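# Coordinates in review
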2 protein chains.
Amino acid sequence: MARKAGSHAEITGPAIQDAALKLFARSGYAAVSMREIAAEVGVRAGALYLYTPDKQTLLFDMMRDHLLALDAAWDKARGGTTPPERLRVFVDFHVEYHFDLRDKVFISYMELRNLTDENFRVIQKLRRDYESELEQILADGLVTGDFHFEDVSVTTRAMLAMLLGYITWFRGGGRLGKEDIKRMHWDLARAMVRA
Amino acid sequence: MARKAGSHAEITGPAIQDAALKLFARSGYAAVSMREIAAEVGVRAGALYLYTPDKQTLLFDMMRDHLLALDAAWDKARGGTTPPERLRVFVDFHVEYHFDLRDKVFISYMELRNLTDENFRVIQKLRRDYESELEQILADGLVTGDFHFEDVSVTTRAMLAMLLGYITWFRGGGRLGKEDIKRMHWDLARAMVRA
DNA sequence: GTCTATAGATGGATAGAC
DNA sequence: GTCTATCCATCTATAGAC
């Protein structure tokens, strides 16, 4: 399995995704150049095109892979029988899963405008799949009488906005850890629907 | 007060701000060129520089003016004596004031990364002033026993995230109007702090 | 697989005519 | 006040050497 000197496909491929993730999160897709990404990886800009057809695909793949992994992880984590139990599982999963992936989540919400129309539709569908899971839990709880609120759609969006909010401000190392964030957000989510 | 033909300072100045607002909201600051802004206004790119020293100032002024107006409007609207009343006034004001300014609010949160360090500090201070108003209401309600939650800082941020969320998804013309949004968000905010 | 070199387009900003 | 013209930097993406 001899390799030519200077060949590092197994390293460079993931390194490009990591570098793009880091730089897109920090400066935004449109403000980051392929040269910057290459410099972060330690190669020249031309070498990037061995791994991606263009910059747009770099963004799209990042968002798609993130959302597919999210949906798959949720499928494994889902649980609970009554709506309050299921909400508890969802909130815990949501905070836990996103905690170490804040950059990816951040990009997946901030860079929607920079997707082509076709790519946008794909990403929106994946995101909608995930959000529907919460919507279903809230809708069920309304029917069973476990929850009390006026509108399923508005409450779902409001709760998702709240649950995603910590991603934009939380930075580790302070007085709060992951368990604090989980506990408080469950507490707030439960109160929101008067469970 | 004769004006040369082709002189329209009173028109062009605000028109540039309007065009920049519209385009920044749609495509993002970094993805919009000065030529695009000029085309939207109906002038050539060079003419923009009679009204702004550079593109960065266009963004900064937009955000600063928005936040200054927000703080001024809140100073006039504030009211209520007990924490629950004051929270009600805040939520009503917040939804009402932002309702027709969704583009400005959107930009003021999305484009923070594209400010220079110095401009960022100014904008963050203005935003912090506004957010402190809600934080104070929640802190007071905790002391009086009107509200029940664990942490002032986390709850403030969570509530602001929820209250800002509708800006990203609400588009007029559907089944919901401003009064619906106000009523439901007050209901959710009240429930969140167990008022 | 990576490099150098570069094509070709577009960006922000300025100079000078009108 | 606006336009035309342009400077110069930078960008994405490709071609061809190694």
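Conventions used here
Residues numbered from 1 in each chain as written. Chains lettered and ligands numbered in written order. Predicted model: local features only at pLDDT ≥ 70, side-chain atom pairs only at ≥ 80, totals over all residues. Heavy atoms only, no water. Helix = DSSP H or I, 4+ residues; strand = E, 2+ residues; numbered from the N terminus. Contact = heavy atoms within 4.5 Å. Lys, Arg positive; Asp, Glu negative; His and termini not counted. Charge placed at Lys NZ, Arg CZ, Asp CG, Glu CD. Buried < 20%, exposed > 50% of the residue type's maximum accessible area, 1.4 Å probe, protein only. Polar contact = N/O pair within 3.5 Å; in protein donor to acceptor, adjacent residues only side chain to side chain. Arc of directions from axis to C-beta. pLDDT = per-residue confidence, 0-100. Axes fitted to C-alpha atoms, helices over the stretch in contact; angles between N-to-C directions. Parallel < 35°, antiparallel > 145°, perpendicular 65-115°, else oblique. Least-squares fit on C-alpha atoms with pLDDT ≥ 70 in both. Salt bridge = Lys/Arg side-chain N within 4 Å of Asp/Glu carboxyl O. Nonpolar A, V, L, I, M, F, W, Y, C, P; charged D, E, K, R; others polar.

## Quick look at the overall build of chain A
The helix and strand tally for chain A stands at nine helices and zero strands. Going residue by residue from the N terminus, the α and β elements of chain A occur as α-α-α-α-α-α-α-α-α. Sequence separation of 24 or more characterises 69% of the internal contacts of chain A that already satisfy a separation of 6 or more. Charge centroids of chain A, computed over 27 positive and 28 negative side chains, lie 5 Å from each other.

## A look at the environment of N114(A)
With respect to the helices, strands and loops of the structure, N114(A) is situated in the loop between α6 (102–110) and α7 (117–144). The exposure class of N114(A) is buried, given its relative accessible area of 15%. Considering only alpha carbons, one finds N114(A) and Q56(A), 58 residues apart in sequence, at a separation of 8.1 Å. In contact with N114(A), not counting residues within four places along its chain, are Y29(A), A30(A), Q56(A), L59(A), S27(B) and A31(B). A polar contact of 2.7 Å, which involves the side chain of N114(A), links it to the side chain of E111(A).

## Notes on helix α2 (residues 34–41) of chain A
Residues and elements named next belong to chain A. Every buried residue of α2 is accounted for by M34, I37 and A38. Taken around the axis of α2, the buried residues stretch over an arc of 100°, which confines them to a single face. The exposed residues of α2 that point more than 90 degrees off its buried face are R35 and A39. Just downstream of α2, G42 is the residue with a positive phi angle, here 100°.

## Digging into the confidence of the model for chain A
Overall, the prediction assigns chain A a mean pLDDT of 95, with 96% of residues at 70 or greater. Confidence drops under a pLDDT of 50 for residues 1–5 of chain A, and excluding neighbours within four residues, the segment shows two contacts in the predicted structure.

## Section: the packing of helix α1 (residues 9–27) of chain A against helix α4 (residues 55–77) of chain A
All names here are of chain A. The interhelical angle for the contact between α1 and α4, taken along N-to-C directions, is 90°, at an axis separation of 10 Å. Taken together, the axes of α1 and α4 are roughly perpendicular relative to one another. Facing α1, whose interface residues are I16, Q17, A20, L21 and F24, α4 presents K55, L58, L59, D61 and M62.

## As for the relation of the copies chain B and chain A
Both copies of the chain are related through a single rotation about an axis accompanied by a shift along the same axis. The transform that puts chain B on chain A rotates by 180° and translates by 0.0 Å along the axis, for an RMSD of 0.0 Å. Both copies of the chain, as the preceding transformation shows, are related through a two-fold rotation axis. A shared binding surface is used by both copies, with 100% of the interface residues of chain B retained as interface residues in chain A.

## Re the interface of chain B and chain A
In this assembly, 34 residues from chain B lie in contact with 35 residues from chain A. At the junction of chain B and chain A, the tally comes to eight salt bridges. Run the count over chain B and chain A and you get 11 residue pairs in polar contact (both at pLDDT 80 or more). Every element with two or more residues in the side of chain B that touches chain A is listed here: α1 (9–27), α6 (102–110), α8 (152–169) and α9 (178–192) of chain B. The greatest single-element share of the side of chain B that touches chain A, amounting to nine residues, is contributed by α8(B). Broken down by class, the residue content of the side of chain B that touches chain A amounts to 16 nonpolar, seven polar and 11 charged.

## Some details on the pattern of salt bridges
All names here are of chain A. The tally for this structure, following the rule as stated, stands at 36 salt bridges over all chains. For D65, the salt bridge goes to R64, with nearest N and O atoms at 3.1 Å. For D65, a relative accessible area of 40% translates into the label partly exposed. Through salt bridges with shared partners, a single ionic network connects E96, K178, E179 and K182.

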